[in-house]
Structures are given as C-alpha cells and as structure tokens.
Amino acid sequence: MTDVNELPERESMEFDVVIVGAGPAGLSAAIRLKQVNPELTVVVLEKGGEVGAHILSGAVVDPIGIDKLIPDWRDDPDHPFKTPVKADHFLVLGPAGSIRLPNFMMPPLMNNHGNFIVSLSNVTKWLAARAEELGVEVYPGFAADEVLTNDEGAVIGVATGDMGVERNGEPGPNYARGMALLGKYVLIGEGVRGSLAKRLISKYKLDEDREPQKYGIGLKELWQVKPEHHKPGLVQHSFGWPLDTKTGGGSFLYHLEDNQVAVGFVLHLNYKNPWLSPFEEFQRFKTHPSIAPVFEGGKRLGYGARAISEGGWQSVPKLTFPGGALIGCSAGFVNVARIKGSHNAVLSGMMAAEHAAEAIAAGRAQDTLDGYDEAWRTSEIGKDLKKVRNVKPLWSKLGTILGVTVGGLDMWLNTLFGMSPFGTMGHGKPDYAALEPAAKHKKIEYPKPDGVLTFDKLSSVFLSNTNHEEDQPIHLQLKDPELQKISELDVYGGPSNRYCPAGVYEWVETDGVPTFVINAQNCVHCKTCDIKDPNQNINWVPPQGGEGPVYTNM
Ligand SMILES: Cc1cc2nc3c(=O)[nH]c(=O)nc-3n(C[C@H](O)[C@H](O)[C@H](O)COP(=O)(O)OP(=O)(O)OC[C@H]3O[C@@H](n4cnc5c(N)ncnc54)[C@H](O)[C@@H]3O)c2cc1C
Ligand code: SF4
C-alpha cells in the first residue's frame, strides 16, 4: 500500500469509478454503471496487451448473467455465444476404460442444457466493445500495481506500474512513471488470486472468520480436430484416471464451432505429493483410450493455464473495504461442482456497480459499500454457491470416488430440500500447507511426450505467446532465498519445477551448489506459485503492462 501523498510526481486522472481487470466481472461492472447513469466516468485497466489476452477459461457459460446485463444480446450478430450445449456426458475413467454416468443421476444444477460453449477471451472482447460504445474508457496494456489510500486509510485509486525500470530496479532510458487513476470507488476484478486483491484482503482483514480460499490449477489446450471427430455442442467431463483416488481433479472437453475442441484438466491444489506435476497429468489424461481418438489427425492450436478458485460459499471474504469492493473471482465466486464462475463474475460486477452508482448519486465517495456485501448471499450468486458448499470439503475428506458420490447426494438434498446433513463444512488447511515432505512420497515417472498428442512444457508455452521484457525487476518476488533452499528444495524436493505449468522455476547445480533459477519471461500469469509454494515465499506481482500471454480463442 502506498500513501498517495508520497507520490506527488505522478500524473493523475480522476474518474467516478476505477475498475481493475477487463474480465467478465470488470467489464460487466463498467457496462452496468453506464446503464444506470450514462454521465458516470468509468475506466477499466487491463494488464494484458489487449482485452482477452490473459483470459483463459473452459468455457461453458450459464447465460443468467449476460441475460440480465444485455437482455437483447441474441439480436447482436457479433455475439460470441455461437455454440449451444447439445449433449452433456459425465465419465469415470479407469486406466483402460470408462463408464458414462446416466444423466438422470446428476443433480439438476449440473445440467448444461441452455448453456453455451464459448471462448471466454472472445466474450470479454465483445463486452469491451459494448462498454466502449457506452463511453467506458478501456485501457489494455496497463497493470494496476499499487493501491492508493488517503490519510483515513480509504482506497482512493490505483497506480499503474512504472515502465522501463531495469533489472536492478533503476530507471532505464525508456523509463516512464506510472499514472494514478483516482476514483470515488475502486472495483477489483483481477480474477483469481489478484495481486491487489491479496493486499487488500490482508490490509482490511477481509478474510477474518472465513474458511481459507481453495484453488485448483486449470490447464487447457485448444485443438483443431478432424470433422469426423467433431460433435459441436458436446460437453464432456471426467474424473478418475490418471489421478489416484486421493488426488482431486478432473477433465473437460468442449466441442466449439469450426471443428475446434477445448480440452482441459483441473487439478485441486490441495494435493500432497510434491512430485506430482499437473502439466504431466494433463498430458497423460489425453492418452486415455476414451479421449485420444478425438485428437487423432488433429492439430494443437493453443495452450495456457490459470488457477481457479474453489472455496466457494464459506471462503468468500468480506467484499467491501473503504473506497471499493472485490468482484468476480477476486472474491472467489466459482461454483466448483459446475466448474463455472463467469456467470457469477457478471452478476457480482453488476451488483457492485449498482451499489456504487447509488452511493455516488447520494453524494457519497470512498466509503464502504455495505449494501453489496450484505446482498450477495441472498442473491442468485449466493443461491448458486450455497447448494454446493459441501462438495469441495467432501471431495477433500473422502477422496474421489466416495467424495463425488456423497457430494452428489448432498447436492440432491440441497436442491430438493434446501438443506445439507453436514451443515456448512470447513475446508481445513490452505492449499500451500497441504504439501508433504518429498521423502514421504515416491517420485513419479511420467511418460515422455510424443510431440503429436502429448507435449513438453516449452513447446506448450510457445503456443501461449507469452513474452516479457527481460531487463525488468523479476515479477516473481522471492522473499527469502535461503528458505527456498533449506525448505522448498531440501524438504519438498523443489515442487515449483513441477507445479509451474510454464517451466519458470528450475534448480540448477553450479559447481555443486543448487541455484534457484526463475525464467520469468515464460510466466503465463496463472498464479499457481503464489498459491502453492509451501512457505508462501513467492509473491506474484504484475510485470510491465502489456506483457504475459496472448491467448487467442481461449
Ligand atoms: C481452466 C478453467 C476452466 C474454467 N471453466 C469455466 C467454465 O466452463 N464456465 C465458467 O463459467 N467458468 C469457468 N471458469 C471460471 C471462469 O474463468 C472465471 O470464473 C471467470 O473468468 C472470472 O471472471 P473475472 O472477471 O472475475 O476474472 P478473469 O476472467 O480472470 O479476468 C480478470 C482480468 O483482470 C486482469 N488483471 C488481473 N490483475 C490485474 C491488474 N493488477 N491490473 C490490470 N489488469 C489485471 C487479467 O489480466 C484478466 O484479464 C474456468 C476457469 C478455469 C481456470
Ligand atoms: S511462474 Fe507462477 S504464475 Fe507464472 S506460470 Fe509459473 S506458476 Fe504460473
């Protein structure tokens, strides 16, 4: 946090509302503000070089949010919701075969009828265009790096990062000071594990009395498949192989338009075995006999990874602080059973916007939008999350087979009777504390990639188009290098090398001395290191604006 009085030399711009992040949450908030009052001045900052560049999702979208935000969206010929869901398959995978669960067994909330298979990245591009038509100023290429507060401790704006700072922290020849964007309210829509959100949650103790937030890492590839393997509108989920029954996770396979298939794997970050590599598990999953045929003769077009919030109802922090609020996945509004959060991102952005617009109309500024925090649990978002609140704890406590079975029954009871015999269960430890010493586990030997169906990390990262100027301070801040050696390496066997989906971290021996190497230029901004490092010794901060992955159609 930086006191604005210490930064007199920064240029500043003033708005009614400053929004950080051009995801579904941030853009929906911006659109809603202008719908309520076209006179409001609204700015959206986005760290990606263009809107959508950093958006990675499944995605099957429940249109409940978009229907409210833009009721006539179906009349727009440019809308991105091209593929309605036509079939919904749920598989349990064993090493050599699979069983398809009958749809009638699935709790109704899992039904994807009426939903759309989309590229969420394209959805945000479309939303940004709608926002700009309404007069919202959308600034891609600008990462919000600091929260600005006043003497009373209220948030009064954010500052974008300085550009052209050299590796040693000194201004280089292209140095440009960041800008201060000041607002009556600041909405934080950075998505999961936002770097400003993390600081705000800590400063204002927003997670006091809440269960720890839980996470997964989602890895995704986009494929062009042969027309005979393409079933537009098919949604397929699986659990089981290649994971053992104590490691939580599962796959998704969505058949979009134009012979494209999005395939992905979500691995819950409460796993214990430090030898596990989410990337290699994903690669292995594609070789299953029920999965591999889809990709035969196909071509991989894209790769990326992003964390996903999984804590749900009991982990959502207090949403408001003096001067602003958390929206979307910065608050953790994912329904983990449905693997869906974009609808709640839209709804929460709208809700926060309505409360901010009302406060501004009443002449208020930089106070706490209590009404937003009070409203969400009884809103559609609360209803969506409450029904599935015990699913994640049951998976964690009972393992995959029993956990999925009891979790399914619990969802049925919640749907039919609005109650759960378990009340509201806790999540236990945060994910970083779940990792166990390497000596307690056997190393996992993963098969070598074949370069056709399975790939290595570096050729995958290439497809994310990620790029960072090398001569800048490393945006993966190591708090204590000695701790990394005596604990991350000596106790946990260097798990960063495996959990990072982009090959950023390596332990390299130089003259017999292990050195921790951070290839920061490869980072795809998934935030897994910030979540899973067992000592919380790695702090992810935004690099220069406009850098990072450039996802297309993801
Ligand atoms: C693998 C995977 C599969 C998923 N599948 C589905 C699905 O099928 N259906 C579904 O509904 N949901 C799905 N989700 C969840 C969904 O993607 C999220 O709920 C949704 O994207 C949240 O929207 P958001 O606007 O809160 O955040 P995001 O979509 O993450 O957007 C945040 C934006 O803020 C920007 N940003 C972050 N920090 C800063 C900063 N400091 N300064 C400037 N800009 C910043 C980011 O670059 C990004 O563009 C999935 C998620 C994953 C990872
Ligand atoms: S360095 Fe961290 S944020 Fe970047 S790709 Fe690796 S795990 Fe993800």
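Residues numbered from 1 in each chain as written. Chains lettered and ligands numbered in written order. Predicted model: local features only at pLDDT ≥ 70, side-chain atom pairs only at ≥ 80, totals over all residues.

(A) How the structure looks around the overall build of the protein. A tally of helices and strands in the protein yields 14 helices and 25 strands. Each principal axis of the C-alpha atoms in the protein carries an extent, and together these give about 65 × 65 × 45 Å. Here the protein holds 554 residues, and the buried ones make up 53% of them. The contacts in the protein between residues at least 6 apart in sequence include a share of 78% that link residues at least 24 apart. (Helix = DSSP H or I, 4+ residues; strand = E, 2+ residues; numbered from the N terminus. Buried ≥ 20, exposed ≤ 12 C-beta atoms within 10 Å, placed from the backbone. Contact = placed C-beta atoms within 7 Å.)

(B) Quick look at the site of ligand 2. Lining the immediate surroundings of ligand 2 are 13 residues, of which Cys500, Val504, Cys523, Cys526 and Cys529 lie closest. Grouping the amino acids of the shell around ligand 2 by side-chain chemistry returns 10 nonpolar, 2 polar and 1 charged. (Near = placed C-beta within 6 Å. Nonpolar A, V, L, I, M, F, W, Y, C, P; charged D, E, K, R; others polar.)

(C) View of the domain arrangement of the protein. Assigned domains of the protein: these are domain 1 (7-70 + 122-211 + 313-386), domain 2 (83-117 + 215-309 + 429-554) and domain 3 (391-423). Of all the secondary structure elements, the ones that give two or more residues to the side of domain 1 that touches domain 2 are strand S4 (60-61) and strand S12 (163-165). Across the side of domain 1 that touches domain 2, the residue classes tally to 15 nonpolar, 13 polar and 7 charged. (Domains from an automatic or database assignment.)

(D) Local environment of the nonpolar core. Counting 141 residues, the largest nonpolar core has Leu187 and Ala356 as its most contacted members. Here this core gets 11 residues from one element, more than from any other, and that element is helix H6 (residues 342-361). (Core = buried A, V, L, I, M, F, W, Y, C linked by C-beta atoms within 7 Å.)

(E) View of the environment of Tyr372. Considering the arrangement of structural elements, one finds Tyr372 in helix H7 (residues 370-375). Once the C-alpha coordinates of Tyr372 and Leu319 are considered, the two residues, 53 residues apart in sequence, prove to be 7.5 Å apart. Once residues lying within four places of it in the same chain are set aside, the contact partners of Tyr372 are Leu319, Thr320, Ala325, Met351, Ala352 and His355.

(F) Looking closely at the sheet that holds strand S18 (residues 260-268). Here 7 strands make up an open sheet; going across it, the order is S7-S6-S16-S17-S18-S15-S19 and the pairing mixed. On the outer flanks of this sheet lie strand S7 (98-100) and strand S19 (299-309), each paired with one strand and no other. Taking the axes of each pair of neighbouring strands and ignoring which way they run, one obtains an average angle of 20 degrees across the sheet. Across 10 bridges, strand S15 (residues 215-224) lies against S19 in antiparallel orientation. Note that in S19 the partner of Gly218 across the bridge is Arg306. (Pairing = 2+ DSSP bridges. Axes fitted to C-alpha atoms, helices over the stretch in contact; angles between N-to-C directions.)

(G) The arrangement of the packing of helix H9 (residues 391-398) against helix H10 (residues 400-417) in detail. The contact between H9 and H10 brings their axes to 7 Å, and the two run at 155 degrees. By the angle between their directions, the pair H9 and H10 is classed as roughly antiparallel. Helix-helix and strand crossings are classified by hand; for H9 and H10 the assignment is right-handed. Every residue of H10 that contacts H9 at Val391, Leu394, Trp395, Lys397 and Leu398 is listed here: Thr400, Leu402, Gly403, Val404, Val406, Gly407, Asp410 and Met411. When its residues are assigned to classes, the contact of H9 with H10 shows 8 nonpolar, 3 polar and 2 charged. (Parallel < 35°, antiparallel > 145°, perpendicular 65-115°, else oblique. Left-handed = near helix turned anticlockwise from the far one by under 90°.)

(H) Layout of unusual backbone geometry. A cis geometry characterises the amide bond from Gly58 onward to Ala59, with omega recorded as 0 degrees. Inspection of the secondary structure assignment puts Ala59 in the loop between strand S3 (42-46) and S4. Note the cis peptide between Trp241 and Pro242, where omega equals 5 degrees. Assignment of secondary structure puts Pro242 in the loop between strand S16 (234-240) and strand S17 (249-255). Here Asp209, not a glycine, exhibits a phi torsion of approximately 65 degrees, which is positive.

(I) Local environment of the site of ligand 1. What surrounds ligand 1 is a group of 45 residues, the closest being Gly23, Gly191, Gly218, Gly328 and Gly341. Those elements that place two or more of their residues in the shell around ligand 1 are helix H1 (24-36), S3, S4, helix H4 (195-203), S15, S18, S19 and H6. Class assignment of the residues belonging to the shell around ligand 1 gives a composition of 21 nonpolar, 18 polar and 6 charged. Shared between two domains, the shell around ligand 1 takes at least three residues from each, and those domains are domain 1 (7-70 + 122-211 + 313-386) and domain 2 (83-117 + 215-309 + 429-554).

(J) Structural detail: the sheet that holds strand S5 (residues 83-84). Taken in spatial order, the 3 strands line up as S4-S8-S5 in an open sheet, and their pairing is antiparallel. Looking along the sheet, the strands with just one partner apiece sit at the ends: S4 and S5. The pairing of S5 with strand S8 (residues 116-117) spans 2 bridges and is classified as antiparallel. Counterpart to Pro84 in the pairing with S8 is Phe116.

(K) Structural detail: H10. The end-to-end C-alpha distance of H10, which contains 18 residues, comes to 25 Å, matching closely the 26 Å that a straight helix rising 1.5 Å per residue would cover. Looking at the buried residues of H10, the elements they touch are S16 and H9. The first or second residue beyond H10 is Gly418, which carries a positive phi of 65 degrees. (Expected span 1.5 Å × (residues − 1).)

(L) Layout of H9. Where burial is concerned, most of H9 is hidden: 6 out of the 8 residues are buried. Within H9, burial applies to Val391, Lys392, Pro393, Leu394, Trp395 and Ser396. Lining the buried residues of H9 we find H10. A positive backbone phi angle near 80 degrees is found at Gly399, which sits one or two residues after H9.

(M) Representation of the packing of H1 against H6 within the structure. Where H1 meets H6, the closest approach of the two axes is 7 Å, and the angle between their N-to-C directions is 40 degrees. Of the two elements, H1 crosses H6, and the hand of that crossing is right-handed. Between H1 and H6, the residues in contact are Pro24, Ala25, Gly26, Ser28, Ala29, Arg32, Leu33 and Val36 and Ser342, Ala345, Val346, Ser348, Gly349, Met350, Ala352, Ala353, Glu354, Ala356 and Ala357, respectively. Across the contact of H1 with H6, the residue classes break down as 12 nonpolar, 5 polar and 2 charged.

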